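Each chain is listed here by its residues.
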Amino acid sequence: MYQAAQQARIRANLHSIDATKPAANGGELPGLAELIAKQLQPDVVTIDQDGFYPRQFLQDLGELGGYAGVVAPAFGGSGLGLTHSVQVMAKVSQTCLSTGFAIWCQTACLRYLQLSDNENLKIRFLPALVDGRLLGGTGLSNTLKFKCGIERALLKARRVAGGYAINGNLPWVSNLGPGHVFVTGCPVEDDGRLLFFLVETQRNGFRLVEGAHFAAMEGTGTQACQFRDYFVGDDYVLAQPEKSENYLAKIKPGMILAQMGMGLGLIRACIDLIESANKSSGLTNQYLDDQAEELADELAIAERETYRLTRLLDNDTTADVLADVLKVRLAGSELSLRASQSALLHQGAKGFLTHSAAQRKVREAYFVAIVTPAIKQLRRELANLKSAEVCALPLS
């Protein structure tokens, strides 16, 4: 009964998508398949179980052009757009979702800078982030939840001469290490509006702390962050309070939509596992829910909708697509859960072995479902948007 209800929700989220539109092409990055096979595939179990952070792979991916899509050529990018970045992320996530998530962090950091008005900050940091010489993360989980009224703000900014003093703690930010950078945001004292800024992990007043250990995603460079009167000069601000509302509206849809790269890659990998298992156990497996063909059909719809939306945002960063983004992102989470469960059941007992890909995919799928914005937050935001639409209707 739960399975049927879950399938109905996913189909409802994808119901309005035009399944006749072709999926986006051009996402094949020359050399990517070889880089994955040589540098990533051999380390997948070590990344998952030992928390190995694949720094060299991430740096080499930047050199290959894997992060360049969301950055303009003037700052060292390719300008191929969010579409290209999501396709690269999906390809990597088929093999290792932890690394796909690190790529999302890097891409998000790049896009935050690209969409800011701080030209000097772009000139200084974007080229090194694009080619992987500098690695970066995104610390906007608490910022978004605070903005939605889900959490209290964990950081506070106080206006001081020439900038802001930041105090507080973030429990975990990913793709971090010594010498990395990341973007975060927090309310300003006696103002209430948000401030968005770039953080350098080597600076005074900031400390990285080894945090919790996770059931999956151990190799993502996830650490806790402590701010003790950390000084953010005005030259490191991406959006001052008076411009933060418009800035958030620009970055939020693309930030959320880009996470589909993880889900699309994971679902594709689960379909491959199902097809592999059916070569020897197809007669028994035919009685399981969510066969490869059905999942492939729903994946194709999700891909088409994802790339329709990435193209819209590539053409216009202010496009009114948030509701559609939330819907497809929710469908991606739910389809990830279904596909991974089906892959494990199709694999049977061998899918439950410590080193098996199937049980890893189940844990990875739960990450897709709980990373900000989690399923519960997506449903909450969609409900709020629907309520706002009803309230905006003229009285009859």
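Everything discussed here concerns the structure shown above.
Just so we're clear, the structure is a prediction, and the values are computed from it rather than from any experiment. (Residues numbered from 1 in each chain as written. Predicted model: local features only at pLDDT ≥ 70, side-chain atom pairs only at ≥ 80, totals over all residues. Heavy atoms only, no water.)

Caption draft 1: Local environment of unusual backbone geometry. That bond from T372 to P373 is cis: its omega, 0°, falls within 30 degrees of zero. Examined against the element boundaries, P373 turns out to sit in the loop between α13 (357-370) and α14 (375-392). Within the chain, N175 stands out as a residue other than glycine whose phi angle is a positive 60°. Looking at the secondary structure, you find N175 in the loop between β3 (163-173) and β4 (181-187). Even without glycine at this site, D290 takes up a positive phi of about 60°. For D290, the position within the fold is in the loop between α10 (260-285) and α11 (292-315). (Helix = DSSP H or I, 4+ residues; strand = E, 2+ residues; numbered from the N terminus.)

Caption draft 2: Examining the pairing of strand β1 (residues 136-139) more closely. In β1, alternate side chains face the same way, and those of G136 and T138 on one face and G137 and G139 on the other are all buried. Across four bridges, β1 lies against β4 in parallel orientation. Bridged to G136 within β4 is V181. (Buried < 20%, exposed > 50% of the residue type's maximum accessible area, 1.4 Å probe, protein only. Pairing = 2+ DSSP bridges.)

Caption draft 3: Just the packing of aromatic side chains, in detail. Within this structure, the stated rule accounts for 10 aromatic pairs. Between F101 and F367, the aromatic rings sit 4.8 Å apart at their centres with planes inclined by 75°, giving edge-to-face as the arrangement. One end of the pair, F101, is in helix α6 (residues 97-114); the other, F367, is in helix α13, with 266 residues separating them in the sequence. A relative accessible area of 6% places F101 in the buried class. Both rings, one in W172 and one in F214, keep their centres 5.4 Å apart while their planes meet at 80°; by these two values the pair is edge-to-face. Here W172 is found in strand β3, whereas its partner F214 is found in the loop between β6 (206-209) and β7 (223-233), with 42 residues between them in sequence. Taking relative accessible area as the criterion, F214 reaches 30% and is therefore assigned partly exposed. (Phe/Tyr/Trp six-rings, centres within 6.5 Å; stacked < 30°, edge-to-face > 60°.)

Caption draft 4: Highlighting the nonpolar core. Of all hydrophobic cores here, the largest spans 119 residues; its most connected members are I166 and F227. With 11 residues, α6 is the single largest residue contributor to this core. (Core = buried A, V, L, I, M, F, W, Y, C linked by side-chain atoms within 4.5 Å.)

Caption draft 5: Fine view of the sheet that holds β1. Strand order across the open sheet formed by four strands is β1-β4-β5-β8, with mixed pairing between neighbours. Two strands lie at the open edges of the sheet, namely β1 and β8 (237-239), each paired on one side alone. Direction aside, the axes of adjacent strands within the sheet are offset by 25° on average. Each of β1, β4, β5 (194-200) and β8 is contacted by α6, which is oriented at about 80° to β1, the strand it contacts most. (Axes fitted to C-alpha atoms, helices over the stretch in contact; angles between N-to-C directions. Contact = heavy atoms within 4.5 Å.)

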